[in-house]
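Tertiary structure, described
Below, each chain spelled out in residue letters.
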Amino acid sequence: MLFALFCGLLLSVASLQQRLPENVPGDFFVDATCIDCDTCSQLAPEIFRDHGDQCSVHHQPQNAEEVRRAMMALVSCPTGSIGATESHDAHIGIDAFPMPIDENVYFCGFTSESSFGGWSYLINRPAGEGGNILIDSPRFASQLVKRIDAMGGVSRMLLTHKDDVADHELFRKRFHCDRVMHAADGAARLGVEQVVEGADPVQLDEDLLVIPTPGHTRGHVVFLYRNKFLFTGDHLAWSPARQTLTAFRSVAWYSWPEQTRSMAKLLSYEFEWVLPGHGDIGHDDARSMHDHLERCVSWMKTVK
Ligand code: SF4
């Protein structure tokens, strides 16, 4: 990984010598260190695409907004695999995070290689309402940490499963936040403060519920906030190709039949947003989301 100064900020960036041939000619490019996490193609699909087992630039930014999206992808890339031959102000990308999604929910950007570029989210609440909540861990990048600090820090950290914990210890140390995780994913070994056990949902706050969803891993959970935002880790995501909700059979490390049963359990809940660690974000009204989920469960039952 190379490091370069962008307006006084040290960022890891790609190597021009390793520029992938799939990139279109021009300023921005992806190099051979790309791990195909799809963060860039999901964040800036107008610039980046997944061309197979890696991503590349398919359209060079033509205006300020496209440069901003490309820079957001550059700072979010977990492996520093995105570079630019021209000089850009890194703050264009950095200052975009945490990125508002809806109401008081934000995407953190700055993904971590140790969680394979898994996405993490921030719920921004006043201290009187319990303070901010971080869902899964972004990279502990000083630029992001400063911005989260300015928004009120982190009072609680929710961990969906063991693959996406990344820099949870550093966030705990910096913000003294309690972490929540299921026992079956090694919460005690990780030193987690609030360990969830068993298969029943647990009410964390009046508007915040943890729902055990074993399947991807034995101790996977999802978090439901305000009966609107479902933070799904690696359990459930949106499929742009099929235009409905989906799950990932090839990474059901623990049990696909168990994951299918966990998915059916979610039919009892109402939500409008699916905010995954990996895969695309989904948004629709609650009735439509329920229909999508029913379709997903039916489809999962046909997959061996
Ligand atoms: S964000 Fe980085 S590692 Fe992930 S697909 Fe894009 S270039 Fe590759």
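Look up a bit, the structure's there.
Let me sum up the structure you'll find in this document. (Residues numbered from 1 in each chain as written. Predicted model: local features only at pLDDT ≥ 70, side-chain atom pairs only at ≥ 80, totals over all residues. Heavy atoms only, no water.)

**A closer look at empty space enclosed by the protein**
- Evaluated as defined, the whole model comprises one cavity of 30 Å³ or more.
- For the largest cavity, the lining is made up of 15 residues, of which C34, C37, C40, C77 and P78 are closest to its centre.
- Its residues assigned to classes, the lining of the largest cavity comprises ten nonpolar, three polar and two charged. (1 Å grid on protein atoms, 1.4 Å probe; cavity = no way out; pocket = protein on both sides within 12 Å on 5 of 7 lines; lining within 4 Å. Points joined across faces, edges and corners; volume = space filled by probe spheres on them. Nonpolar A, V, L, I, M, F, W, Y, C, P; charged D, E, K, R; others polar.)

**So, the site of the ligand**
- Contacts to the ligand come from 14 residues, most closely from C34, C37, D38, C40 and C77.
- Judged by the fraction of its atoms near the pocket grid, the ligand is located in the largest cavity.
- Class assignment for the residues of the shell around the ligand results in nine nonpolar, three polar and two charged. (Near = heavy atom within 4 Å. Sits in = over half its atoms within 2 Å of the grid points.)

**Concerning the sheet that holds strand β12 (residues 178-182)**
- Strand order across the open sheet formed by seven strands is β7-β8-β9-β10-β11-β12-β13, with mixed pairing between neighbours. Taken across any chain shown, the strands that pair with only one partner, and hence form the sheet edges, are β7 (99-102) and β13 (194-196). Sheet twist, expressed as the mean angle between neighbouring strand axes with direction ignored, is 25°.
- Relative to β13, β12 is paired through three bridges, and the arrangement is parallel. Bridge pairing links M181 to V195 in β13.
- Strands β10 (133-135), β11 (156-158) and β12 of the sheet are contacted by helix α5 (residues 168-175), whose axis makes an angle of about 150° with β12. (Pairing = 2+ DSSP bridges. Helix = DSSP H or I, 4+ residues; strand = E, 2+ residues; numbered from the N terminus. Axes fitted to C-alpha atoms, helices over the stretch in contact; angles between N-to-C directions. Contact = heavy atoms within 4.5 Å.)

**Here we look at the layout of surface pockets**
- The calculated volume of the largest pocket comes to roughly 380 Å³.
- F116, F248, V251, H278 and G279 are, among the 20 residues lining the largest pocket, the residues nearest its centre.
- Partitioning the lining of the largest pocket into residue classes produces seven nonpolar, seven polar and six charged.

**Some thoughts on α5**
- For α5, the set of buried residues is H168, F171 and F175. Across the axial projection of α5, the buried residues extend over an arc of 60°, all falling on one side. Turned more than 90 degrees away from the buried face of α5 sit E169 and K173, all of them exposed.
- If you follow the buried residues of α5, they end up packed against β10, α4 (142-150), β11 and β12. (Buried < 20%, exposed > 50% of the residue type's maximum accessible area, 1.4 Å probe, protein only. Arc of directions from axis to C-beta.)

**Description of the packing of helix α6 (residues 256-265) against helix α7 (residues 286-302)**
- Where α6 meets α7, the axes come as close as 9 Å, and the angle between the chain directions of the two elements is 160°. When the interaxial angle is binned, α6 and α7 end up roughly antiparallel. By crossing handedness, the relation of α6 to α7 is classed as left-handed. Here W256, Q259, T260, M263 and A264 of α6 lie close against α7, whose contacting residues are L293, C296, V297, W299, M300 and K301.
- Residue classes in the contact of α6 with α7 are distributed as eight nonpolar, two polar and one charged. (Parallel < 35°, antiparallel > 145°, perpendicular 65-115°, else oblique. Left-handed = near helix turned anticlockwise from the far one by under 90°.)

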